[in-house]
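Summary of structural features
Listed below, chain by chain, are the residues.
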Amino acid sequence: MKNVLIIGATGQIGSELTMKLRAHCPGGNVVAGYIKGAEPKGVLLESGPAEEVDITNPQMIADAVAKYNIDTIYNLAALLSAVAESKPQLAWKIGVGGLYNCLEVSREKGCALFTPSSIGSFGPSTPHDHTPQDTIQRPETIYGVTKVTGEMLSDYYARRFGVDTRSVRFPGLISYVAPPGGGTTDYAVDIYYSAVKGEEFKCPLKPGTFMDMMYMPDALRAAVEIMEADPTRLKHRNSFNIASMSFDPEIIAAKIKEHVPGFKMTYELDPLRQAIADSWPDSLDDSCAREEWDWKPEYDLERMTQDMLVNLRKKLL
Ligand code: AKB
């Protein structure tokens, strides 16, 4: 991977992945693809090229690929699970229509393509504990439907046309850099902001709601490592379970309290997010990723909490 196009480069994952890849691919072009109204700023803008690339416009993708001789596309455009429920048509247009555009450009120009899937690709009939790599995927959200469709379409393009499509199923991602927007797992980011600002946190999910979560540095490393993995070892492509920690609101609140003794959490449930979270796995089995490309997380809840608190204090206080 040398010349990379990141579609959705100013979002929660994209803003950090762009910077990581710019450091990782010296001498290459790592292009920050953005949409109108979400232009890159600051170091993201100054450290490399940027192009307007609307994923629903295949010509814009093809033009950026041709202009920078792109060999790898990271397709990070998506509406997250909760917001997608209020705009299902747009979620499909971006999640599936946008992916189709990326696949077609990749087929024509010979690009490798990364498109994240999610724990949201599973549903209530999936085994909830240690969810296997290959299992029932009958999600009940439009987000999940786009993710399962995306996994299957990406595998089809790999089989049928030889497009090098690869993917991981991201858990809820936690970071102090760019906030998520409209996800079911967002509470696990918001809780740290409240703790550092000295505010009481109103948790939208009830105690006992377990979900997989991951610290952003591990997620970024997974996104790079899967694209650089030895293809002869890959039995799966779209998409690998990856995991590092699973907790419920009580566990993360107790961990924060160890570091911020005055921290207080109360509950103000969001029925939509609760229903989505209840339909998702409690914990994933990531043994295939470990076996096929040596995936291994570096952050557990304690290490992540220390790092989040140190960096959020620098950012907010
Ligand atoms: C969401 O909550 O929608 C995302 C996800 C787990 O895919 N963070």
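Now for a description of the structure that goes with this document. (Residues numbered from 1 in each chain as written. Predicted model: local features only at pLDDT ≥ 70, side-chain atom pairs only at ≥ 80, totals over all residues. Heavy atoms only, no water.)

**Focus: the overall build of the protein chain**
What the protein chain contains, in helices and strands, is 12 helices and 14 strands. For the protein chain, whose C-alpha radius of gyration is 19 Å, the value lies close to the compact-globule estimate of 20 Å for 317 residues. Dimensions of the protein chain, computed from C-alpha atoms along their principal axes, come out at roughly 55 × 45 × 35 Å. Scored against the burial criterion, the 317 residues of the protein chain give a buried share of 55%. (Helix = DSSP H or I, 4+ residues; strand = E, 2+ residues; numbered from the N terminus. Rg over C-alpha atoms; globule rule 2.2 N^0.38 Å. Buried < 20%, exposed > 50% of the residue type's maximum accessible area, 1.4 Å probe, protein only.)

**Examining the site of the ligand**
Around the ligand, the neighbouring residues are Leu80, Ser81, Ser118, Ile119, Tyr143, Gly172, Gly183, Thr184, Thr185 and Trp280. One of the side-chain nitrogen or oxygen atoms of Ser118 is found 2.7 Å away from an oxygen atom of the ligand. Tyr143 is positioned with one of its side-chain polar atoms (N or O) 2.6 Å from an oxygen atom of the ligand. Isolated, the ligand exposes 250 Å² of accessible area, and the fraction of that covered by the protein chains is 94%. Residue classes in the shell around the ligand are distributed as four nonpolar, six polar and no charged. (Near = heavy atom within 4 Å. Polar contact = N/O pair within 3.5 Å; in protein donor to acceptor, adjacent residues only side chain to side chain. Areas by Shrake-Rupley, 256 points an atom, 1.4 Å probe, with all protein chains shown as cover. Nonpolar A, V, L, I, M, F, W, Y, C, P; charged D, E, K, R; others polar.)

**Things to note about the environment of Ala222**
Inspection of the secondary structure assignment puts Ala222 in helix H8 (residues 216-228). Look at Ala222 and you get buried, because its relative accessible area is 0%. In the structure, Ala222 is positioned 75 residues away from Pro297 in sequence and 8.6 Å away in space, judged by C-alpha atoms. Excluding its chain neighbours within four sequence positions, the residues that come into contact with Ala222 are Ile242, Trp293 and Trp295. (Contact = heavy atoms within 4.5 Å.)

**Re the packing of aromatic side chains**
Within the structure shown, the criterion is met by eight aromatic pairs. Measuring from centroid to centroid gives 6.2 Å for Tyr156 and Tyr157, while their planes differ by 75°, and the two rings are edge-to-face. A residue is classified by how much of its surface remains accessible, and Tyr156, at 35% relative accessible area, is partly exposed. Note on Tyr157: relative accessible area 5%, which makes it buried. When the ring of Tyr157 is compared with that of Phe161, the centres are 5.0 Å apart and the planes differ by 55°; the resulting orientation is tilted. (Phe/Tyr/Trp six-rings, centres within 6.5 Å; stacked < 30°, edge-to-face > 60°.)

**What about the environment of Pro249?**
Within the fold, Pro249 resides in helix H9 (residues 249-259). Classification of Pro249 as buried rests on a relative accessible area of 0%. Non-local contacts of Pro249, meaning those with residues more than four positions away in its chain, are made with Tyr187, Cys203, Leu205, Lys206, Gly208, Thr209, Met265 and Tyr267.

**Some details on the sheet that holds strand E5 (residues 112-114)**
Read across the sheet, six strands follow the order E3-E2-E1-E4-E5-E7 without closing on themselves; strand pairing throughout is parallel. The sheet terminates laterally at strand E3 (50-52) and strand E7 (165-166), the two strands that pair on one side only. Summarising the sheet, E5 and E7 pair through two bridges and their orientation is parallel. Bridge assignment links Phe114 to a residue of E7, and that residue is Arg166. The sheet contacts of helix H5 (residues 88-109) involve strand E1 (4-7), strand E4 (72-75), E5 and E7, and relative to E5 the element is tilted by about 160°. Contacts between H8 and the sheet are confined to E4, E5 and E7, with E5 contributing the most and set at about 150° to the helix. (Pairing = 2+ DSSP bridges. Axes fitted to C-alpha atoms, helices over the stretch in contact; angles between N-to-C directions.)

**Overview of the pattern of salt bridges**
Counted by the stated rule, this structure contains 17 salt bridges. With a closest N to O distance of 2.7 Å, Lys67 and Glu51 form a salt bridge. Taken together, the residues span a long stretch of sequence, with Lys67 in helix H3 (residues 58-68) and Glu51 in strand E3 at a distance of 16 residues. With a shortest N-O distance of 2.9 Å, Asp218 and Arg221 are connected by a salt bridge. Taken as a pair, Asp218 and Arg221 lie in helix H8 at a separation of three residues, close to a single helical turn. Of the two residues, Asp218 and Arg221, neither departs from the other in class, the shared state being buried. Through salt bridges with shared partners, one network takes in Asp218, Arg221, Glu225 and Glu298. (Salt bridge = Lys/Arg side-chain N within 4 Å of Asp/Glu carboxyl O.)

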